[in-house]
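Single-letter residue listing:
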Amino acid sequence: MTAEGVDTYHLVKSANRYKEVKRTAGVSTTDLVGRMLLLTRNHFRQGSAEYDIEKEEKLLKIQQLQSRLGSSNMGQDSTAKSPWTGCSQFLPTTQKIIQFSDGKSPNPGDKIVYVAGAFDLFHVGHLDFLEKASKLGDYLIVGLHTDPVVNSYKGSNYPIMNLHERVLSVLACKFVNEVVIGAPYCVTEELLDHFKIDVVCHGRTPISLEDGKIDPYAVPKTRAIFELLDSGNDMTTERIVERIISHRLEYERRNQAKEKKEIEAFEALQRQKQTQKAG
Ligand code: C5P
């Protein structure tokens, strides 16, 4: 629905050209935007608490944000279903991973390229980088850093998407053949030997040193298999977050109007069903 309550696909539907495909349950843009604006960290809590939503903590955050922004219309009392306070419940399964992966192993003699990073809010900068990296060889492996590792070098509430969510975004990219789920921050001898890596590369973003002193690419550099690659694209995860934050009020108004219309449409449908049943 648009904010005016019009089905955004009505023209396509009336032309009989509309087809619905299944979405990935538990992954929602609205939820990601909520994480950016509320600075929540629940999405990457580890262990048994990983999917446990602490309402108290969340409500406190909302109140803090409201008082900081002088806004009173975010995350009011409908905590369970508001887009601002809901937290996605994405549960990864092996089937889901299989659906997203290309299922290919490297052929003997293939040149294997390795890149690593956060790949948070998978964007066009990542895409351009991965396309260029894939052209350096025949088989591209992407190492994804864990949530605590990403948080240690990006700070705040980064990563916005947790490791499970980032795995699917990267796997879905056609240039990627394999993903290491939770790669070490420093590229080690073991990792290079295990995956028989021929080239390691990094894009145009600065390289953070581990503990402020260790170069994560020291080992591939000594082996002379390290390359810097210019993606030719200056998009970053941080820029996306900044844009969302600066458009917050607009987004918030649109979401509220949308949510209201969706509830009304849902209720009308329920009433229609009940009338049909009674009839
Ligand atoms: O920042 P992040 O860890 O997600 O980046 C993953 C890789 O993508 C890094 O090698 C980074 O330099 C590269 N990148 C790029 N151009 C961009 C954004 C990211 O080359 N615009």
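Values in this document were obtained by computation on a predicted structure and should not be read as measured data.

A. Representation of the pattern of salt bridges in the model. By the definition in use, this model includes 12 salt bridges. The closest approach of N and O atoms between Glu131 and Lys135, which form a salt bridge, is 3.3 Å. Accessibility expressed as a relative area gives 28% for Glu131, which makes it partly exposed. Classification of Lys135 by relative accessible area gives exposed; the value is 63%. Notably, a salt bridge pairs Glu189 with Arg223, separated by 2.5 Å at the nearest N-O pair. Taken together, the positions of Glu189 in helix α8 (residues 189–194) and Arg223 in the loop between α9 (218–222) and β5 (226–228) put the pair 34 residues apart, joining distant regions of the chain. The exposure class assigned to Arg223 is partly exposed, which follows from its relative accessible area of 33%. Here the salt bridges share partners, and the residues they tie into one network are Asp31, Arg35 and Glu165.

B. Inspection of the site of the ligand at higher detail. For the ligand, the set of nearby residues contains 15 residues, the closest of which are His126, Thr205, Ser231, Asn233 and Met235. For the ligand, an oxygen atom lies 2.9 Å from a polar atom in the backbone of Phe119. Between Ser231 and the ligand, the recorded distance is 2.7 Å, taken from a side-chain N or O atom to a nitrogen atom. The biggest single contributor to the shell around the ligand is helix α5 (residues 124–134), with 3 residues. Partitioned by chemical class, the residues of the shell around the ligand number 4 nonpolar, 9 polar and 2 charged.

C. The arrangement of the nonpolar core in detail. Ranked by internal contacts, the top residues of the largest apolar core, which has 19 residues, are Val115, Phe119, Leu130, Leu140, Val142, Leu144 and Val176. For this core, the elements supplying multiple residues, two or more each, are β1 (112–117), α5, β2 (139–144) and α7 (163–171). Apart from the residues lying within four places of it in its own chain, the contact partners of Leu140 are Val113, Val115, Leu130, Ala133, Ser134, Phe175, Val176, Asn177 and Glu178. With 15 residues, the next largest nonpolar core counts Ile112, Ala183, Leu192 and Tyr217 among its residues.

D. Focus on helix α6 (residues 147–154). Those residues of α6 not exposed but buried are Asp147, Val150 and Asn151. Along the axis of α6, the buried residues cluster in a sector spanning 100 degrees; they form a single face. Where the residues of α6 are buried, they touch α7.

Calculation rules
- Residues numbered from 1 in each chain as written.
- Predicted model: local features only at pLDDT ≥ 70, side-chain atom pairs only at ≥ 80, totals over all residues.
- Heavy atoms only, no water.
- Salt bridge = Lys/Arg side-chain N within 4 Å of Asp/Glu carboxyl O.
- Buried < 20%, exposed > 50% of the residue type's maximum accessible area, 1.4 Å probe, protein only.
- Helix = DSSP H or I, 4+ residues; strand = E, 2+ residues; numbered from the N terminus.
- Near = heavy atom within 4 Å.
- Polar contact = N/O pair within 3.5 Å; in protein donor to acceptor, adjacent residues only side chain to side chain.
- Nonpolar A, V, L, I, M, F, W, Y, C, P; charged D, E, K, R; others polar.
- Core = buried A, V, L, I, M, F, W, Y, C linked by side-chain atoms within 4.5 Å.
- Contact = heavy atoms within 4.5 Å.
- Arc of directions from axis to C-beta.

So, to be careful, I would describe these as geometric facts and stop short of saying anything about function.
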